Amino acid sequence: MPALACCVDAAVTPPVYSLAGYSSLPAPEPFSGVPPSTNTMPDDNVVSFIDHSVWSPSRAASLYKIDGWGAPYFSVNSSGNISIRPYGKETLAHQEIDLLKIVKKASEPKSLGGLGLQLPLIIRLPDVLKNRLESLQSAFDLAVESQGYQSHYQGVYPVKCNQDRFVVEDIVKFGSPLRFGLEAGSKPELLLAMSCLCKGSDEALLVCNGFKDAEYISLALVARKLALNTVIVLEQEEELDLVVNLSQKFAVRPLIGVRAKLRTKHSGHFGSTSGEKGKFGLTTTQILRVVRKLEQAGMLDCLQLLHFHIGSQIPSTALVSDGVGEAAQIYSELVRLGACMQVIDIGGGLGIDYDGSKSTHSDVSVGYSLEEYAAAVVKSVRDVCDRKSVKHPIICSESGRAVVSHHSILIFEAISASAADNPDISRLGLQCMVEGLTDEALADYRNLSAAAIGGDLDTCCIYADQLKQRCIDQFKEGSLCIEQLAAVDSFCDLVSKAIGVSDSVRTYHVNLSIFTSIPDFWGIGQLFPIIPIHRLDQRPGVKGILSDLTCDSDGKIDKFIGGENSLPLHDLEGGGSYAGRYFLGMFLGGAYEEALGGYHNLFGGPSVVRVCQCDGPHSFSVTRAVPGPSCTEVLRVMQHEPELMFETLKHRAEEFVHDDGLAQLASGLARMFHNTPYLVPTASCCLTANTGSGFYYCGNEEAESAAAGGEEEQWSYVCA
């Protein structure tokens, strides 16, 4: 502990001791333990769980568990960047895409050949989406063939997972050869599903879930009239009367399903909608009443689908088999009662491995593959139906999370970091500190120094805490000045660092709103893999947490996959590729995050690019680019009127600015409304200031050029 020893040596006979009544320090008590050797003391900012052997990209992949959660779509290439394998296991070497090159293309100014998009950025990968659909279908096809199942699988995508137009349209397009359909849970979702499925397979199912009123049911019947394969799933018993009455009014023979409330319960966080007390579905008693009512109305043949859902992110195939087996029994009983059953809809629940642990006892992992999941489902249905001599039904699933999670990557930048903790205190500062201490605080200081010399680490901590608290109390009373309190803080931090108990985690400030882009972390503690997307050929030397731009204490990420409370990161001053900027990526967030995100602090959503693999020089092409919303757009969301706001500010400027800068100031204000809410990597202030010798304009050329070119068109309605 060389730094601490210097302080202790300086304090052995300071002049102030004679003033305080202490002529010397007492002899330290014997210490039986062995104090840590100075040459083995780890640097507080060095990640403790990596050794000092030669670093490599493969070691980075292991550290961040990329081979666990990222396979088969993400890996680390020889340049130390994240590589995308758009076709999964079938991706050839020349088809891999360097993720950093996509970020560079999207974010660089147009003058340099980029798209000029502001981060944060969502990168959509339709090739990955297509592969997920095909992999899910292939897994069930394999299970059907290998087990001699006498029907087939056809899935539906629940649009609530991600309602983005291009995501849904891609799923319908890619899923058409697979008879893949859509599931809706509200009237707007039903409208978009109807529109999209007009271009899908004629056999694709349109499953109507959720609570329903007369308008919802009428719309579903219209979909049926438009020759869409629409099934109205009863979530509540009273919905049946509406279906019967409205179908007669519309002269449409409906397809009806019932959602069963199973006894099988998913015990994890996502299982709150399962079991007898679950939010959705009908009990066995209610299902029997539905059967009788349909029989009395002469519509029992309309009942053709049984649906259930025991919760998202089901961790084990044992739980899958239990739930599917129970549902298959209900399905068989409905057949016995005379219903013309055709489909068993096993709902969602197909999970993904967010942390790569393949655990069966976690909300962020699953202990099975797609193939194992499909095999368990098919076997459970087949066994029950064979035992009951029931024809094998079509198996449908609503596997939204497993379909869309992998295809979307959120990219954001670390723009600054808290300073490394390197406490220091001079002899003069130490004397200044001691001069202001009370007798009790001075005794703590003396005992702390003695414990440090003797290597008694536990005692050091006790007296350091006591000393700090006494000094805080003195400061609150006004008997200690801020310089003395700062000296005490530095001294205690130095002690903590020297004995190896200081908090070495640094805070990285990221250009992001967690409430907008990762709301599930804030809302339910959902963990996602977050890693640097480049510099992975360099050893990470810092343990960090992430703090966002919002003025909210919850706007931070301090829990990471693997049960970690910090993330291995690189020093921001470490240089590296792309002009020293440091980019992080959140993976597996393609489901729910965009739909749930809000506008906290009026930060809007990210920019979006759609990237496809191609045979060009960089193996990719950007087929769609959408900038994130401007200040004007997010203000309108909250019912503000930016045009009137600008007029108010312009009139204010005319009242208080009486020089030649008025026009430039007004022009700069106009541009501010059209700029992004997020921070920009370089100065792009579009306001002017009087320097005494004229006005200056602060901003990069790209921003100035763009503003000059678009200002007249954007703000023609506010020109004086």
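Residues numbered from 1 in each chain as written. Predicted model: local features only at pLDDT ≥ 70, side-chain atom pairs only at ≥ 80, totals over all residues. Heavy atoms only, no water.

Contact geometry for helix 7 (residues 165-175) and helix 8 (residues 187-197): axes closest at 10 Å, N-to-C directions at 40°. Regarding the angle of helix 7 to helix 8, the classification is oblique. You can see that helix 7 and helix 8 cross each other, and the crossing is right-handed. Listed contacts from helix 8 to Val168, Glu169 and Val172 of helix 7 are Leu192, Cys196 and Leu197. Considering only residue class, the contact of helix 7 with helix 8 consists of 5 nonpolar, no polar and 1 charged. (Axes fitted to C-alpha atoms, helices over the stretch in contact; angles between N-to-C directions. Helix = DSSP H or I, 4+ residues; strand = E, 2+ residues; numbered from the N terminus. Parallel < 35°, antiparallel > 145°, perpendicular 65-115°, else oblique. Left-handed = near helix turned anticlockwise from the far one by under 90°. Contact = heavy atoms within 4.5 Å. Nonpolar A, V, L, I, M, F, W, Y, C, P; charged D, E, K, R; others polar.)

So, about helix 10 (residues 239-250). The terminal C-alpha atoms of helix 10, which comprises 12 residues, lie 16 Å apart, in line with the 16 Å expected from a rise of 1.5 Å per residue. Glu239, Leu240, Val243, Val244, Leu246 and Ser247 are the residues of helix 10 that are buried. Contacts from the buried residues of helix 10 go to helix 9 (214-225), strand 8 (229-234), strand 9 (255-259) and helix 11 (284-296). Directly after helix 10, the chain includes Ala251, whose backbone phi takes a positive value near 55°. (Expected span 1.5 Å × (residues − 1). Buried < 20%, exposed > 50% of the residue type's maximum accessible area, 1.4 Å probe, protein only.)

A few words now on the sheet that holds strand 2 (residues 82-84). Taken together, 3 strands build an open sheet; the order of strands is 1-2-3 and the sheet is antiparallel. The sheet is open, and its two borders are formed by strand 1 (74-76) and strand 3 (97-98), each paired with just one other strand. Where strand 1 lies against strand 2, 3 bridges are found, and the strand directions are antiparallel. Bridging from a neighbouring strand, Val76 pairs with Ile82 of strand 2. (Pairing = 2+ DSSP bridges.)

Another point: a nonpolar patch on the surface. On the surface, Tyr599, Val637 and Met638 cluster together into a nonpolar patch covering about 240 Å² of accessible area. Tracing the chain through its elements places Tyr599 in the loop between helix 21 (593-596) and strand 20 (607-613). Judged by relative accessible area, Tyr599 falls into the partly exposed class, the value being 31%. (Patch = residues over 30% accessible without salt bridge, like charges linked within 9 Å, V, L, I, M, F, W, Y side chains within 5 Å. Areas by Shrake-Rupley, 256 points an atom, 1.4 Å probe, with all protein chains shown as cover. Salt bridge = Lys/Arg side-chain N within 4 Å of Asp/Glu carboxyl O.)

The next point concerns the packing of aromatic side chains. Going through the model one piece at a time under the given rule, you end up with 13 aromatic pairs. For the ring pair Phe74 and Phe587, a centre distance of 5.0 Å and an interplane angle of 70° mean the geometry is edge-to-face. Pair noted here: Phe74 is in strand 1 and Phe587 is in the loop between strand 19 (582-586) and helix 21, with a separation of 513 residues, a long-range link. Each member of the pair Phe74 and Phe587 is classed as buried. Between Phe140 and Tyr153, the aromatic rings sit 4.0 Å apart at their centres with planes inclined by 5°, giving stacked as the arrangement. Highlighted residues: Phe140 in helix 6 (residues 126-146) and Tyr153 in the loop between helix 6 and strand 5 (156-158), separated in sequence by 13 residues. When sorted by exposure, Phe140 lands in the same class as Tyr153, which is buried. Three or more aromatic residues joined by ring pairs make a cluster, and in this case those are Phe140, Tyr153, Tyr368 and Tyr373. A cation over a ring is seen here: Lys212 above Tyr216, with NZ or CZ 5.7 Å from the ring centre. (Phe/Tyr/Trp six-rings, centres within 6.5 Å; stacked < 30°, edge-to-face > 60°. Lys NZ or Arg CZ within 6 Å of the ring centre and 35° of its normal.)

Bringing the sheet that holds strand 12 (residues 394-396) into the picture now. Taken together, 8 strands build an open sheet; the order of strands is 5-6-7-8-9-10-11-12 and the sheet is parallel. Edge positions in the open sheet fall to strand 5 and strand 12, since each of these has one partner strand only. Going from strand to strand, the sheet's axes swing by 25° on average, the running direction of each strand aside. Across 3 bridges, the pairing between strand 10 (residues 303-307) and strand 11 (residues 343-345) is parallel. Pairing of Leu305 across the sheet is with Val343, part of strand 11. Against the sheet, helix 10 touches strand 8 and strand 9, its axis set at about 145° to strand 8.

Once that is clear, we can look at the confidence of the model for the protein chain. Residues of the protein chain with pLDDT of at least 70 account for 84%, and the chain-wide mean is 85. Counting contacts from residues 5-50, a segment whose pLDDT is below 50, to residues more than four positions away or on other chains yields 72 contacts. A low-confidence stretch, residues 688-720 stays under pLDDT 50, and its non-local contacts, those more than four residues away or across chains, total 57 contacts. (pLDDT = per-residue confidence, 0-100.)

A word on the pattern of salt bridges. This structure, assessed with the given rule, holds 26 salt bridges. Of the charged contacts in the structure, one is a salt bridge between Glu134 and Lys130, with a shortest N-O distance of 2.6 Å. Of this pair, Glu134 and Lys130 both sit in helix 6, 4 residues apart, roughly one helical turn. On the basis of relative accessible area, Glu134 is assigned to the partly exposed category, the value being 31%. A relative accessible area of 32% means that Lys130 is categorised as partly exposed. Ionic pairing is found between Glu239 and Lys212, a salt bridge with its closest N-O pair at 3.6 Å. Of this pair, Glu239 sits in helix 10 while Lys212 sits in the loop between strand 7 (205-208) and helix 9; the two residues are 27 residues apart in sequence, bridging distant segments of the chain. Both residues of the pair, Glu239 and Lys212, belong to the buried class. A network of salt bridges, in which partner residues are shared, links Arg124, Asp164 and Glu594.

Bringing unusual backbone geometry into the picture now. At the junction of Ala71 and Pro72, the peptide bond is cis and its omega measures out at 0° in the coordinates. Here Leu119 and Pro120 are connected by a cis peptide whose omega angle stands at 5°. Assignment of secondary structure puts Pro120 in the loop between helix 5 (99-107) and strand 4 (121-124). One non-glycine residue, Ala227, adopts positive backbone phi at about 65°. When its relative accessible area of 63% is taken as the criterion, Ala227 is described as exposed. Notably, Gln639 is not glycine yet its phi reads approximately 70°, a positive angle. Positionally, Gln639 belongs in the loop between helix 22 (631-637) and helix 23 (642-656). Residue classification places Gln639 among the exposed positions, given a relative accessible area of 68%.

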